[in-house]
Amino acid sequence: MTFTTAPFGKLADGTPVTQYILSNDRGMTLKALDYGCVVQSLIVPDQNGNPVDVVLGYDDPTCYANGGCFFGAFVGRYANRIGGARFQVNGTPVVLTPNEGENHLHGAYPFRMFAVERQSDSLIFRGTSLPEEEGYPGKVELVITYTLTENNGFVLDYQATTDEDTVINLTNHSYFNLAGHKAGSAQAHILQIAASQVTEVGAGSIPTGQHFDVTGTPFDFRTAKPIGRDIDMTFPQLAATGGYDHNFVLDAPSLERPFASAYCPETGIVMDCYTTQPGVQFYNANFVQDDPCKGQGKDGADYGFRCSFCLETQHFPDSPNKPQFPTTLLRAGERLHEVTEYRFSVKAIPHNRDVRIAQ
(Lines give C-alpha, C1' and ligand atoms only; values in the text may rest on other atoms or scores of the structure.)
Protein backbone atom coordinates (compact mmCIF):
# COMPACT_ATOMS: atom_id res chain seq x y z
CA MET A 1 0.00 0.00 0.00
CA THR A 2 1.37 3.42 -0.93
CA PHE A 3 0.37 6.78 0.50
CA THR A 4 0.99 10.31 -0.74
CA THR A 5 -0.55 13.75 -0.40
CA ALA A 6 -0.89 16.62 -2.84
CA PRO A 7 -2.18 20.22 -2.70
CA PHE A 8 -5.71 20.54 -4.11
CA GLY A 9 -6.05 24.29 -4.43
CA LYS A 10 -7.86 26.66 -2.09
CA LEU A 11 -11.40 27.51 -1.14
CA ALA A 12 -12.76 30.99 -1.83
CA ASP A 13 -11.66 32.18 1.63
CA GLY A 14 -8.10 31.01 1.02
CA THR A 15 -8.31 27.79 3.04
CA PRO A 16 -5.95 25.22 1.47
CA VAL A 17 -7.38 21.81 0.59
CA THR A 18 -5.26 18.64 0.57
CA GLN A 19 -5.73 15.47 -1.45
CA TYR A 20 -4.84 12.18 0.28
CA ILE A 21 -3.96 9.27 -2.00
CA LEU A 22 -3.97 5.55 -1.13
CA SER A 23 -3.02 2.89 -3.70
CA ASN A 24 -2.96 -0.88 -3.28
CA ASP A 25 -0.99 -3.48 -5.24
CA ARG A 26 -3.95 -4.50 -7.44
CA GLY A 27 -4.33 -1.26 -9.35
CA MET A 28 -6.89 0.50 -7.14
CA THR A 29 -6.40 4.09 -5.98
CA LEU A 30 -8.48 6.25 -3.64
CA LYS A 31 -8.10 10.03 -3.70
CA ALA A 32 -9.93 11.82 -0.89
CA LEU A 33 -10.04 15.43 0.31
CA ASP A 34 -9.98 16.92 3.80
CA TYR A 35 -12.83 19.16 2.61
CA GLY A 36 -16.12 17.31 3.11
CA CYS A 37 -14.29 13.94 3.33
CA VAL A 38 -14.86 13.98 -0.43
CA VAL A 39 -14.12 10.87 -2.47
CA GLN A 40 -12.58 12.82 -5.33
CA SER A 41 -11.38 9.84 -7.37
CA LEU A 42 -11.71 6.07 -7.20
CA ILE A 43 -9.63 4.26 -9.80
CA VAL A 44 -10.09 0.54 -10.48
CA PRO A 45 -8.76 -1.72 -13.26
CA ASP A 46 -11.10 -2.80 -16.06
CA GLN A 47 -11.20 -6.20 -17.80
CA ASN A 48 -8.05 -5.29 -19.77
CA GLY A 49 -6.17 -3.96 -16.76
CA ASN A 50 -6.66 -0.33 -17.76
CA PRO A 51 -7.32 2.18 -14.96
CA VAL A 52 -10.87 3.59 -14.83
CA ASP A 53 -11.94 6.44 -12.55
CA VAL A 54 -15.47 5.36 -11.57
CA VAL A 55 -16.71 8.37 -9.54
CA LEU A 56 -17.78 11.82 -10.69
CA GLY A 57 -16.16 14.93 -9.25
CA TYR A 58 -14.33 18.21 -9.77
CA ASP A 59 -10.72 19.32 -10.07
CA ASP A 60 -11.45 22.65 -8.33
CA PRO A 61 -12.27 22.74 -4.59
CA THR A 62 -14.54 25.77 -5.03
CA CYS A 63 -16.87 23.60 -7.11
CA TYR A 64 -17.26 21.24 -4.17
CA ALA A 65 -18.29 24.29 -2.13
CA ASN A 66 -20.63 25.76 -4.75
CA GLY A 67 -21.90 22.75 -6.71
CA GLY A 68 -25.34 21.33 -6.15
CA CYS A 69 -24.75 17.58 -6.48
CA PHE A 70 -22.68 16.62 -3.39
CA PHE A 71 -20.23 14.68 -5.59
CA GLY A 72 -18.35 12.21 -3.38
CA ALA A 73 -19.22 14.03 -0.16
CA PHE A 74 -19.75 12.72 3.35
CA VAL A 75 -23.21 14.00 4.29
CA GLY A 76 -24.97 14.69 7.61
CA ARG A 77 -25.90 15.39 10.35
CA TYR A 78 -28.88 13.97 8.55
CA ALA A 79 -28.42 12.36 5.15
CA ASN A 80 -31.49 12.78 2.96
CA ARG A 81 -34.52 14.86 3.94
CA ILE A 82 -36.34 15.95 7.06
CA GLY A 83 -39.82 17.23 6.24
CA GLY A 84 -40.59 20.80 7.27
CA ALA A 85 -37.08 21.06 8.74
CA ARG A 86 -38.49 20.14 12.14
CA PHE A 87 -39.02 17.18 14.46
CA GLN A 88 -39.02 16.38 18.17
CA VAL A 89 -36.47 14.80 20.47
CA ASN A 90 -37.93 13.47 23.72
CA GLY A 91 -40.97 15.68 23.17
CA THR A 92 -38.92 18.85 22.66
CA PRO A 93 -39.40 20.61 19.30
CA VAL A 94 -36.28 20.97 17.14
CA VAL A 95 -36.29 23.49 14.30
CA LEU A 96 -33.56 23.12 11.66
CA THR A 97 -32.27 25.46 8.99
CA PRO A 98 -34.33 24.75 5.86
CA ASN A 99 -32.10 24.37 2.79
CA GLU A 100 -34.38 22.75 0.21
CA GLY A 101 -37.59 24.73 0.14
CA GLU A 102 -39.21 24.21 3.52
CA ASN A 103 -37.29 20.98 4.11
CA HIS A 104 -33.80 20.13 5.38
CA LEU A 105 -31.44 18.11 3.17
CA HIS A 106 -28.13 16.46 4.11
CA GLY A 107 -26.70 19.16 6.38
CA ALA A 108 -23.36 20.93 6.72
CA TYR A 109 -20.79 18.13 6.68
CA PRO A 110 -20.11 18.35 2.92
CA PHE A 111 -18.94 21.94 3.42
CA ARG A 112 -16.45 21.68 6.26
CA MET A 113 -12.82 20.81 6.79
CA PHE A 114 -11.82 17.64 8.63
CA ALA A 115 -8.59 16.67 10.37
CA VAL A 116 -6.96 13.69 8.62
CA GLU A 117 -4.45 11.06 9.64
CA ARG A 118 -3.24 7.91 7.95
CA GLN A 119 -3.17 4.55 9.70
CA SER A 120 -1.82 1.69 7.59
CA ASP A 121 -4.34 1.19 4.76
CA SER A 122 -6.85 3.77 6.07
CA LEU A 123 -7.54 7.48 6.15
CA ILE A 124 -9.16 8.68 9.38
CA PHE A 125 -11.16 11.92 9.31
CA ARG A 126 -12.18 13.63 12.55
CA GLY A 127 -14.64 16.45 13.10
CA THR A 128 -16.93 18.03 15.70
CA SER A 129 -20.46 19.38 15.41
CA LEU A 130 -21.31 21.99 18.01
CA PRO A 131 -24.68 22.14 19.79
CA GLU A 132 -27.40 23.95 17.81
CA GLU A 133 -25.41 23.84 14.57
CA GLU A 134 -28.19 24.10 11.96
CA GLY A 135 -30.54 23.66 14.92
CA TYR A 136 -29.50 20.13 15.92
CA PRO A 137 -29.14 19.40 19.64
CA GLY A 138 -25.95 17.99 21.11
CA LYS A 139 -22.23 18.14 20.52
CA VAL A 140 -21.29 15.33 18.13
CA GLU A 141 -17.81 13.86 17.73
CA LEU A 142 -17.20 12.17 14.36
CA VAL A 143 -14.67 9.58 13.25
CA ILE A 144 -14.91 8.64 9.56
CA THR A 145 -12.54 5.96 8.28
CA TYR A 146 -11.90 5.18 4.62
CA THR A 147 -10.04 1.92 4.07
CA LEU A 148 -8.65 0.51 0.84
CA THR A 149 -8.34 -3.27 0.95
CA GLU A 150 -6.06 -5.56 -1.02
CA ASN A 151 -9.06 -7.26 -2.64
CA ASN A 152 -10.14 -3.91 -4.15
CA GLY A 153 -12.68 -3.02 -1.50
CA PHE A 154 -13.44 0.53 -0.43
CA VAL A 155 -14.74 0.45 3.16
CA LEU A 156 -16.46 3.42 4.78
CA ASP A 157 -16.74 3.29 8.57
CA TYR A 158 -18.79 5.93 10.40
CA GLN A 159 -18.69 6.45 14.15
CA ALA A 160 -20.33 9.22 16.16
CA THR A 161 -20.97 10.07 19.83
CA THR A 162 -23.04 12.83 21.39
CA ASP A 163 -23.36 14.50 24.79
CA GLU A 164 -27.10 15.09 24.32
CA ASP A 165 -29.86 13.05 22.71
CA THR A 166 -29.99 13.92 19.00
CA VAL A 167 -30.70 12.41 15.59
CA ILE A 168 -28.08 11.45 13.04
CA ASN A 169 -27.93 9.75 9.64
CA LEU A 170 -24.65 9.47 7.76
CA THR A 171 -23.77 8.40 4.22
CA ASN A 172 -21.45 9.01 1.30
CA HIS A 173 -22.82 10.64 -1.85
CA SER A 174 -20.55 9.22 -4.55
CA TYR A 175 -21.88 9.07 -8.10
CA PHE A 176 -20.70 5.97 -9.94
CA ASN A 177 -20.17 5.25 -13.62
CA LEU A 178 -18.27 2.00 -14.06
CA ALA A 179 -17.42 2.90 -17.65
CA GLY A 180 -15.54 5.97 -16.39
CA HIS A 181 -16.63 9.22 -14.79
CA LYS A 182 -17.06 11.02 -18.12
CA ALA A 183 -18.35 8.09 -20.18
CA GLY A 184 -21.88 9.51 -20.48
CA SER A 185 -25.10 7.66 -19.78
CA ALA A 186 -25.11 4.92 -17.14
CA GLN A 187 -28.46 3.53 -18.28
CA ALA A 188 -26.92 0.35 -19.74
CA HIS A 189 -25.34 -0.65 -16.43
CA ILE A 190 -26.81 -3.86 -15.04
CA LEU A 191 -28.06 -3.40 -11.47
CA GLN A 192 -29.51 -5.71 -8.86
CA ILE A 193 -30.81 -4.62 -5.43
CA ALA A 194 -32.09 -7.06 -2.81
CA ALA A 195 -35.05 -4.93 -1.72
CA SER A 196 -38.69 -6.00 -1.81
CA GLN A 197 -40.04 -2.64 -0.63
CA VAL A 198 -39.43 1.05 -1.22
CA THR A 199 -40.46 4.00 0.95
CA GLU A 200 -43.19 5.91 -0.86
CA VAL A 201 -42.60 9.63 -1.31
CA GLY A 202 -44.99 12.54 -1.53
CA ALA A 203 -44.48 16.27 -2.11
CA GLY A 204 -40.87 17.42 -1.85
CA SER A 205 -39.69 13.78 -1.88
CA ILE A 206 -40.70 13.45 1.76
CA PRO A 207 -41.78 9.91 2.68
CA THR A 208 -45.46 9.39 3.32
CA GLY A 209 -44.64 6.81 5.97
CA GLN A 210 -45.79 3.94 3.77
CA HIS A 211 -43.79 1.31 1.88
CA PHE A 212 -44.82 -0.10 -1.47
CA ASP A 213 -44.06 -3.57 -2.78
CA VAL A 214 -41.76 -3.52 -5.81
CA THR A 215 -43.42 -6.53 -7.44
CA GLY A 216 -44.68 -5.62 -10.89
CA THR A 217 -43.23 -2.09 -10.72
CA PRO A 218 -40.21 -0.37 -12.33
CA PHE A 219 -38.59 -0.50 -8.88
CA ASP A 220 -38.13 -4.27 -8.92
CA PHE A 221 -34.37 -4.79 -9.16
CA ARG A 222 -34.38 -8.12 -7.33
CA THR A 223 -33.45 -9.66 -10.67
CA ALA A 224 -30.58 -7.88 -12.40
CA LYS A 225 -31.63 -5.54 -15.22
CA PRO A 226 -30.34 -2.46 -17.05
CA ILE A 227 -30.88 0.68 -14.97
CA GLY A 228 -32.66 2.40 -17.85
CA ARG A 229 -34.94 -0.46 -18.89
CA ASP A 230 -38.03 0.69 -16.96
CA ILE A 231 -37.12 4.23 -15.97
CA ASP A 232 -39.45 5.93 -18.45
CA MET A 233 -42.48 3.79 -17.65
CA THR A 234 -45.66 5.55 -16.57
CA PHE A 235 -45.61 5.11 -12.81
CA PRO A 236 -46.53 7.74 -10.19
CA GLN A 237 -43.44 7.30 -8.01
CA LEU A 238 -41.12 7.73 -11.02
CA ALA A 239 -43.01 10.84 -12.07
CA ALA A 240 -42.74 12.26 -8.54
CA THR A 241 -38.92 12.36 -8.67
CA GLY A 242 -38.10 12.45 -12.37
CA GLY A 243 -36.71 8.92 -12.23
CA TYR A 244 -35.19 6.79 -9.51
CA ASP A 245 -34.52 8.78 -6.32
CA HIS A 246 -35.92 6.59 -3.58
CA ASN A 247 -34.99 4.78 -0.40
CA PHE A 248 -34.99 1.03 -0.97
CA VAL A 249 -35.73 -1.02 2.16
CA LEU A 250 -33.05 -3.70 2.22
CA ASP A 251 -34.18 -7.28 2.70
CA ALA A 252 -31.01 -8.41 4.48
CA PRO A 253 -28.34 -5.78 5.22
CA SER A 254 -25.03 -7.55 5.73
CA LEU A 255 -21.27 -7.24 5.53
CA GLU A 256 -21.10 -10.91 4.50
CA ARG A 257 -23.30 -10.85 1.37
CA PRO A 258 -23.88 -7.90 -0.97
CA PHE A 259 -27.21 -6.10 -0.94
CA ALA A 260 -26.56 -4.81 -4.46
CA SER A 261 -24.36 -5.45 -7.46
CA ALA A 262 -23.71 -3.24 -10.47
CA TYR A 263 -22.02 -4.33 -13.69
CA CYS A 264 -20.76 -2.39 -16.69
CA PRO A 265 -20.79 -4.49 -19.89
CA GLU A 266 -18.36 -2.06 -21.53
CA THR A 267 -15.51 -2.38 -19.01
CA GLY A 268 -16.43 -5.64 -17.26
CA ILE A 269 -16.23 -3.87 -13.90
CA VAL A 270 -18.47 -5.25 -11.14
CA MET A 271 -19.25 -3.32 -7.95
CA ASP A 272 -20.66 -5.36 -5.07
CA CYS A 273 -22.14 -3.38 -2.19
CA TYR A 274 -22.37 -4.37 1.49
CA THR A 275 -23.74 -2.46 4.48
CA THR A 276 -24.97 -2.53 8.07
CA GLN A 277 -27.57 0.15 7.28
CA PRO A 278 -31.27 -0.66 6.70
CA GLY A 279 -31.74 1.28 3.46
CA VAL A 280 -30.10 2.60 0.34
CA GLN A 281 -31.04 5.69 -1.64
CA PHE A 282 -30.83 4.69 -5.29
CA TYR A 283 -30.50 7.89 -7.30
CA ASN A 284 -30.05 7.89 -11.07
CA ALA A 285 -28.56 11.42 -11.42
CA ASN A 286 -31.78 12.89 -12.80
CA PHE A 287 -30.72 16.46 -12.07
CA VAL A 288 -26.93 16.53 -12.58
CA GLN A 289 -27.48 18.70 -15.66
CA ASP A 290 -28.74 21.49 -13.35
CA ASP A 291 -25.51 21.64 -11.32
CA PRO A 292 -24.30 25.26 -10.86
CA CYS A 293 -20.82 23.92 -11.69
CA LYS A 294 -21.95 22.10 -14.82
CA GLY A 295 -19.15 21.74 -17.36
CA GLN A 296 -16.47 21.88 -14.64
CA GLY A 297 -16.14 18.17 -13.94
CA LYS A 298 -12.83 16.33 -13.68
CA ASP A 299 -10.72 16.51 -16.82
CA GLY A 300 -13.17 19.07 -18.23
CA ALA A 301 -16.11 16.65 -18.10
CA ASP A 302 -19.58 18.02 -18.75
CA TYR A 303 -21.77 15.67 -16.73
CA GLY A 304 -25.26 15.23 -18.08
CA PHE A 305 -28.69 13.75 -17.45
CA ARG A 306 -28.55 10.25 -15.90
CA CYS A 307 -24.81 9.95 -16.45
CA SER A 308 -24.26 7.97 -13.23
CA PHE A 309 -25.97 6.46 -10.22
CA CYS A 310 -25.73 6.64 -6.44
CA LEU A 311 -26.19 3.86 -3.90
CA GLU A 312 -26.26 5.88 -0.67
CA THR A 313 -26.52 3.50 2.28
CA GLN A 314 -28.54 5.11 5.04
CA HIS A 315 -31.35 5.07 7.54
CA PHE A 316 -34.62 6.22 6.04
CA PRO A 317 -35.40 9.85 5.16
CA ASP A 318 -37.60 11.77 7.62
CA SER A 319 -37.26 9.03 10.24
CA PRO A 320 -37.45 11.56 13.12
CA ASN A 321 -41.04 12.24 12.02
CA LYS A 322 -41.89 8.62 11.21
CA PRO A 323 -41.82 6.48 14.38
CA GLN A 324 -42.58 3.37 12.29
CA PHE A 325 -39.18 3.72 10.56
CA PRO A 326 -35.90 2.45 12.09
CA THR A 327 -34.86 5.03 14.64
CA THR A 328 -32.10 7.56 13.99
CA LEU A 329 -32.03 8.70 17.61
CA LEU A 330 -28.54 8.71 19.11
CA ARG A 331 -28.65 8.99 22.88
CA ALA A 332 -26.07 10.74 25.00
CA GLY A 333 -23.16 8.44 25.75
CA GLU A 334 -24.04 5.93 23.03
CA ARG A 335 -22.06 5.34 19.86
CA LEU A 336 -23.32 5.19 16.30
CA HIS A 337 -21.34 2.74 14.19
CA GLU A 338 -22.22 1.94 10.57
CA VAL A 339 -20.10 0.29 7.87
CA THR A 340 -20.46 0.17 4.08
CA GLU A 341 -18.19 -1.46 1.51
CA TYR A 342 -18.01 -1.07 -2.26
CA ARG A 343 -15.97 -3.98 -3.61
CA PHE A 344 -14.71 -4.03 -7.19
CA SER A 345 -13.86 -6.92 -9.45
CA VAL A 346 -13.88 -7.80 -13.15
CA LYS A 347 -16.07 -10.47 -14.66
CA ALA A 348 -17.57 -11.05 -18.08
CA ILE A 349 -21.14 -11.61 -16.93
CA PRO A 350 -23.71 -12.51 -19.61
CA HIS A 351 -26.58 -10.03 -19.65
CA ASN A 352 -29.11 -12.75 -18.86
CA ARG A 353 -27.33 -14.02 -15.77
CA ASP A 354 -28.23 -12.65 -12.34
CA VAL A 355 -25.49 -11.22 -10.19
CA ARG A 356 -25.65 -13.18 -6.95
CA ILE A 357 -26.63 -11.05 -4.00
CA ALA A 358 -28.36 -11.50 -0.67
CA GLN A 359 -31.94 -12.69 -0.86
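Before reading further, recall that the structure is shown in the block above.
Values in this document were obtained by computation on a predicted structure and should not be read as measured data.

Rules used in this analysis
Residues numbered from 1 in each chain as written. Predicted model: local features only at pLDDT ≥ 70, side-chain atom pairs only at ≥ 80, totals over all residues. Heavy atoms only, no water. Helix = DSSP H or I, 4+ residues; strand = E, 2+ residues; numbered from the N terminus. Buried < 20%, exposed > 50% of the residue type's maximum accessible area, 1.4 Å probe, protein only. Contact = heavy atoms within 4.5 Å. Areas by Shrake-Rupley, 256 points an atom, 1.4 Å probe, with all protein chains shown as cover. Lys, Arg positive; Asp, Glu negative; His and termini not counted. Charge placed at Lys NZ, Arg CZ, Asp CG, Glu CD. 1 Å grid on protein atoms, 1.4 Å probe; cavity = no way out; pocket = protein on both sides within 12 Å on 5 of 7 lines; lining within 4 Å. Points joined across faces, edges and corners; volume = space filled by probe spheres on them. Nonpolar A, V, L, I, M, F, W, Y, C, P; charged D, E, K, R; others polar. Phe/Tyr/Trp six-rings, centres within 6.5 Å; stacked < 30°, edge-to-face > 60°. Polar contact = N/O pair within 3.5 Å; in protein donor to acceptor, adjacent residues only side chain to side chain.

1. Focus: the overall build of the protein chain
Helices and strands together make up the secondary structure of the protein chain, namely two helices and 27 strands. Principal axes of the C-alpha set define a box for the protein chain whose edges measure 55 × 50 × 40 Å. Residues classed as buried in the protein chain amount to 60% of the 359 residues present. Long-range contacts, defined here as pairs at least 24 residues apart, represent 68% of the contacts in the protein chain between residues at least 6 apart. Accessible surface, the protein chain: about 13,500 Å² in total, of which carbon and sulfur atoms supply 48%. Treating the 25 positive side-chain charges of the protein chain as one cloud and the 40 negative ones as another, the clouds have centres 4 Å apart.

2. Re empty space enclosed by the protein
The full count for this structure, using the stated rule, is three cavities of 30 Å³ or more. What the largest cavity holds in volume is close to 90 Å³. Around the largest cavity sit 13 residues that line it, and Tyr 64, Gly 67, Phe 70, Phe 71 and Phe 111 are the ones nearest its centre. Its residues assigned to classes, the lining of the largest cavity shows eleven nonpolar, two polar and no charged.

3. Looking at the packing of aromatic side chains
Each aromatic ring pair is described using two quantities: the centre-to-centre distance and the angle formed by the ring planes. The full count for this structure, using the stated rule, is 25 aromatic pairs. Ring centres of Phe 212 and Phe 235 lie 6.1 Å apart, and the angle between their planes is 55 degrees; on these two criteria the pair is classed as tilted. Separated by 23 residues along the polypeptide, Phe 212 in strand β19 (residues 207-213) and Phe 235 in the loop between β20 (225-226) and α2 (236-241) bring together distant segments of the chain. On the basis of relative accessible area, Phe 235 is assigned to the partly exposed category, the value being 22%. Between Phe 248 and Phe 282, the aromatic rings sit 5.9 Å apart at their centres with planes inclined by 70 degrees, giving edge-to-face as the arrangement.

4. Some details on the environment of Lys 347
Summarising the element assignment, Lys 347 is placed in the segment after β27 (335-346). For the pair Lys 347 and Glu 334, spaced 13 residues apart in sequence, the C-alpha to C-alpha distance is 42 Å. Ignoring any residue separated from it by four or fewer positions in sequence, one finds Lys 347 in contact with Tyr 263, Gly 268 and Val 270.

5. Observations concerning the environment of Thr 267
Within the secondary structure, Thr 267 is located in the loop between β22 (260-263) and β23 (269-275). Separated by 47 residues in the primary sequence, Thr 267 and Gln 314 place their C-alpha atoms 28 Å from one another. Thr 267 has contacts with Asp 46, Gln 47, Leu 178 and Ala 179, leaving out every residue within four places of it along the chain. Engagement of the side chain of Thr 267 in a polar contact is seen with the backbone nitrogen of Ile 269, the distance being 3.3 Å.

6. Some thoughts on unusual backbone geometry
Of note, the bond from Gly 76 into Arg 77 is cis; its omega dihedral lies within 30 degrees of zero at 10 degrees. Within the secondary structure, Arg 77 is located in the loop between β6 (74-75) and β7 (78-82). The phi torsion at Asn 152 lies on the positive side, around 60 degrees, for a residue other than glycine. Structurally, Asn 152 can be placed in the loop between β13 (140-148) and β14 (153-162). By relative accessible area, Asn 152 is classed as buried at 4%.

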